[in-house]
Structure formats: structure tokens, C-alpha cells
Amino acid sequence: RIMKILLSAKHRGSTNVLAPIAQELIQRGHATTIYATGNDSEVAGFGNLEINRVNVNEDDCGVLVRAYDVVVVGLSGELTSDGYFLRAAQRERVPTVGVLDQNYNYKERLGKDSQYLPTLLAVMTSECLPKMMEELESTVAEEAVQRSRIVGWTAYDHLGKIKEQFGDTDRKSLLKRIGVSSDSPLLVYFSQNIHPSADYFKPTNWSEERKQAFFGYEMELTRAVLDEAQRLGLSVVVKPHPGEKYEVNFTEQVARGYNNVKYISAQSCDSKQLMLAADGIVAGRSGCLGEGCLLDRNIGAVLPMLSVSEREAFTPIALDAIPYAVSWSEIPGIIKIIARANTDAITQKFLSEKRNKFSVDGKASERVADLIEML
């Protein structure tokens, strides 16, 4: 039967995972409504889907959910609009599905009260279950595990198609467009040098000290990567995080100090296509780590001085699917491995086999839609 389904998400991770589910439900003929509650960058995760942009408080949500058969929410956090919609639906006795996007911060995402857990929790892999048991209070954890269904990575269902459609002609065209030779091996580094006063940080509740520490760390990381790349004689393209937009372009200033390093703007090309055009990729604490792995590219992570929990928030790290540096002294080794894979078959095979630990079949959204229809 045709169902009336409400989907709502705030943070970018949650809009990313809900968008393909919404597309699948629409294709199945269900009456689907999307409420987007985040800023422009977060809302962009819904792509070209028809959305309703709303600002809500918790008292508003009861009226909004009553007309629906199922409410599907992202898990941005219990104190965000995602949590408001979830609790409102539970109070109105409307079945709910909460869709997870990362395997960490379960207390922040799900809270301390088991009565407000989603009817079903759509999780990515079996690794999510012990992490819940570790982070949540025991009674909440046990209930959350019981309600969990392993569905895969909805946000990445599209990557297989992107890879399949991107050929050598596309590669040459993209590299020509950004002014890079297609004849020599290319390393891409994705920076995140976001200044404390940048607009990107304004919606956050980070302290000035935390924002300054983030900026200082990322600037040091950029220099460490480019130092080693220059020492090895590698050609490098640096692409900044969109949140770096500020009155001073710090990443471009740094890049100018190196040979064979080309800075391109955040808007210059699609990051996924750039990864497919690259021979090797290096990134820090970025969603590019997961995308690069799932696109089956040679990618290495540079995460010096981060705690185990901070590192393992990135799935390819938690699954040991890509090589990564946990100290500053290990960064040269990671860059060497990624650079060597282009010419060394043994290294290429080693990296390829590691990536098998984190892959997708493109059907996660179908599985979530099946769960929704069961409700």
C-alpha cells in the first residue's frame, strides 16, 4: 500500500544518508515529505530532492508527525531537531526509523532514555553493535542493539555508479580543466584549514580555544604532507574544504611555497571525480577517507595525535581498510606507500586487499525502504 512517510535530518551526515532512502521511497510510489532543518551546507545533502526548510522546537513536532505512517530521522543528536522529531513521533505512537551515519558518539545521538529510541535503528555494519554497548548505558545499549538492523551504507550507494561511469576521457578532461597534466602521477591532498572566524564555525558551539586548536593542527598537517611530497618529487593538487572560505586563503598561501603543488578552489571540480582522476589521495579527518576507499582508490590517512576514538570515527580506519599515520613521524611512510602503489604491483595488491574490508553493494537504501514498508 502507499504509505505517508516523513523524513527529517539536520547535520550533513544525516542528510547524506536519508537522501538515497527518500529517492528509493519516491520510486516505490510512497507519499514522501522531507523536512530539512539545517544550514545551507547541511541541507545540500538532500541534493535535488523536493524539501521543506523548517526551523522547529520540540513542541512544534507533535503536530507535524501525526499525519504520517512512519517517521524516518537522521541521528544528528538528541538535542537537535532530529531528536525533537524522534521523541514527538514516539509520543504520538508513530513508528520511527533512525538512520545512523557514523559509528561513534552514541550518547549524544541516542541519549540516556531507552523509551525514545527509534522503533528500528538502521546501522551500517556489525561493528556498530559493540560500539553501542561500549558507549551507552547498559539498559539503553541492550535495547538499541535489539532494535538495530544492519543495512549497509546508504550514503554511498551511488559511488559504484559514479566509478563505473568515469572513464579515461573524463579523467583527462577534468585534469585539463584544473590545469594539471594527465601524463604524470598525481597525488591529491584534501585540506581543512578552517579559520576560527570563518562562517563555517558560526553555527557550532565550539570554544575559541577548540577552534584555534583545530586550525593550528590542520595547518601543521598541510605543511607536513606537502613537505614530504616535495621531498619525494611528487606532483600534488591541494583541494580545500568548502568551510575554509574566509577573507584570507591560508591554504593557497601555504601551497605557493612548494614546487609541483597546485592549489585549486573548493568549487573547481567535484571531489569524487577528482579522486577518480588521482593516482593517490591523502587526507586527514575527512569524509574523503570513506569515499576514496569506496571508490577503490589508493588513499592514506594522516591523523597524528588523535585519540583512538577520534580515529575510529572514520570507518576505513576502524576497519583497517586503508593505511594511516597516528604520529607526525609516520606521515612520510604513508605518503610513500600511496605514491609507490602507482608503480609497484605488490603495494597495489596490498592496498586493494585492505579496501575489501570496507565496500558497498549499492543496495543499502533498498534494505532501509524494506524495513520502512514492514512498519
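Before reading on, note that the structure itself is shown above.
Calculation rules
Sequence order sets the numbering: in each chain, residues are counted from 1 along the sequence as written. Given that this is a predicted model, residues contribute local features only at a pLDDT of at least 70 and side-chain atom pairs are listed and counted only at 80 or more, while totals for whole chains, interfaces and linings are drawn from all residues. To obtain the side-chain values, all non-hydrogen atoms of the structure were used and water was disregarded. Here a pair means two rings of Phe, Tyr or Trp (six-membered ring of Trp) with centres within 6.5 Å. Their orientation is stacked below 30 degrees between planes, edge-to-face above 60, and tilted elsewhere. Helix and strand assignments follow DSSP, with helices taken as H or I runs no shorter than four residues and strands as E runs no shorter than two, numbered in order from the N terminus. Each residue is placed in one exposure class: buried if its accessible area under a 1.4 Å probe, protein chains only, is under 20% of its type's maximum, exposed if it is over 50%, and partly exposed if it falls in between. Look at NZ for Lys and CZ for Arg. If either is within 6 Å of the ring centre and within 35 degrees of the ring normal, a charge sits over the ring. To obtain an axis, a line is fitted to C-alpha atoms, over the contacting stretch when the element is a helix, and the angle between two such axes runs from 0 to 180 degrees between their N-to-C directions. When describing relative orientation, an angle under 35 degrees is termed roughly parallel and one over 145 degrees roughly antiparallel, while 65 to 115 degrees is termed roughly perpendicular and anything else oblique. Each helix crossing is assigned a hand: it is left-handed if the near helix lies turned anticlockwise from the far helix by less than a right angle, otherwise right-handed if that turn is clockwise. The contact criterion used is simple: two residues touch if any of their non-hydrogen atoms lie within 4.5 Å. Strands pair, by our definition, only if DSSP identifies at least two bridges between them. To obtain the arc, one takes the directions from the helix axis to the C-beta atoms.

Asker: Talk me through the packing of aromatic side chains; I want residue IDs and the actual numbers.
Answerer: As enumerated under the stated definition, the model contains 11 aromatic pairs in all. On the basis of an interplanar angle of 70° and a centroid distance of 5.1 Å, the ring pair of phenylalanine 215 and phenylalanine 250 is categorised as edge-to-face. Placement of phenylalanine 215 in helix α10 (residues 208–231) and of phenylalanine 250 in helix α11 (residues 250–255) is noted, with a sequence separation of 35 residues between them. Phenylalanine 215 gets classed as buried once you look at its relative accessible area, which sits at 9%. Counting every residue linked through ring pairs, the aromatic cluster contains Tyr200, Phe201, Trp206 and Phe214. Lying across the ring of tyrosine 68, lysine 4 places its NZ or CZ 5.6 Å from the centre. Cation over ring: arginine 109 sits above tyrosine 104, and NZ or CZ is 5.2 Å from the ring centre.

Asker: So what about the packing of α10 against helix α16 (residues 331–340)? Which residues, and what values?
Answerer: Running from N to C, α10 and α16 cross one another at 50°; their axes reach a closest spacing of 10 Å. With respect to each other, α10 and α16 are oriented oblique. Taken as a pair, α10 and α16 cross one another with a handedness that is right-handed. Residues Leu221, Ala224, Val225, Glu228 and Arg231 of α10 touch α16, and the partners they reach there are Ile331, Pro332, Ile335 and Lys336.

Asker: Describe unusual backbone geometry, and please don't skip the residues or the numbers.
Answerer: The phi dihedral of asparagine 260 falls on the positive side, at around 60°, and the residue is not glycine. In this structure, asparagine 260 sits in the loop between α11 and β10 (261–263). By relative accessible area, asparagine 260 is classed as exposed at 51%. Its identity as a non-glycine residue notwithstanding, methionine 305 has a phi of 75°, on the positive side.

Asker: Could you give an account of the sheet that holds strand β3 (residues 52–53), naming the residues involved and the relevant values?
Answerer: Strand order in this open sheet of seven strands is β3-β2-β1-β4-β5-β6-β7, and the pairing throughout is parallel. Where the open sheet ends on each side, the last strands, each with one partner, are β3 and β7 (148–150). Examined bridge by bridge, strand β1 (residues 4–9) and strand β4 (residues 70–74) share four bridges and lie parallel to one another. Each bridged residue has a counterpart across the sheet, and for leucine 6 the counterpart in β4 is valine 71. In the packing of helix α7 (residues 138–147) onto the sheet, the strands contacted are β6 (120–123) and β7, and the crossing angle to β7 comes to about 45°.

Asker: Quick rundown of the side chain of threonine 251? Include the residues and the values.
Answerer: If you trace the backbone, threonine 251 turns up in helix α11. Under the relative-accessibility criterion, threonine 251 is labelled buried at 1%. The contacts of threonine 251, once residues within four sequence positions are left out, are Ser191, Asn193, Val238, Glu244 and Tyr263.

Asker: I'd love a proper account of the pairing of β6, names of residues and values included.
Answerer: Residues Leu120 and Ala122 line one face of β6 and the alternating positions Leu121 and Val123 line the opposite face, and both faces are buried. Pairing geometry for strand β5 (residues 96–99) and β6, over three bridges, is parallel. Counted as the bridge partner of valine 97 is leucine 120 from β6.

Asker: An account of helix α17 (residues 345–355) is requested, with residue identities and associated values reported.
Answerer: At 3.6 residues per turn, the α-helix brings residues three or four places apart onto the same side. When α17 is considered as a whole, its buried residues turn out to be Thr347, Leu351, Lys354 and Arg355. Buried residues of α17 fall within an arc of 100° about the axis and therefore sit on the same side. In α17, the exposed positions that point more than 90 degrees away from the buried face belong to Ala345, Ile346 and Lys349. Tucked inside the fold, the buried residues of α17 contact α13 (288–294) and α16.

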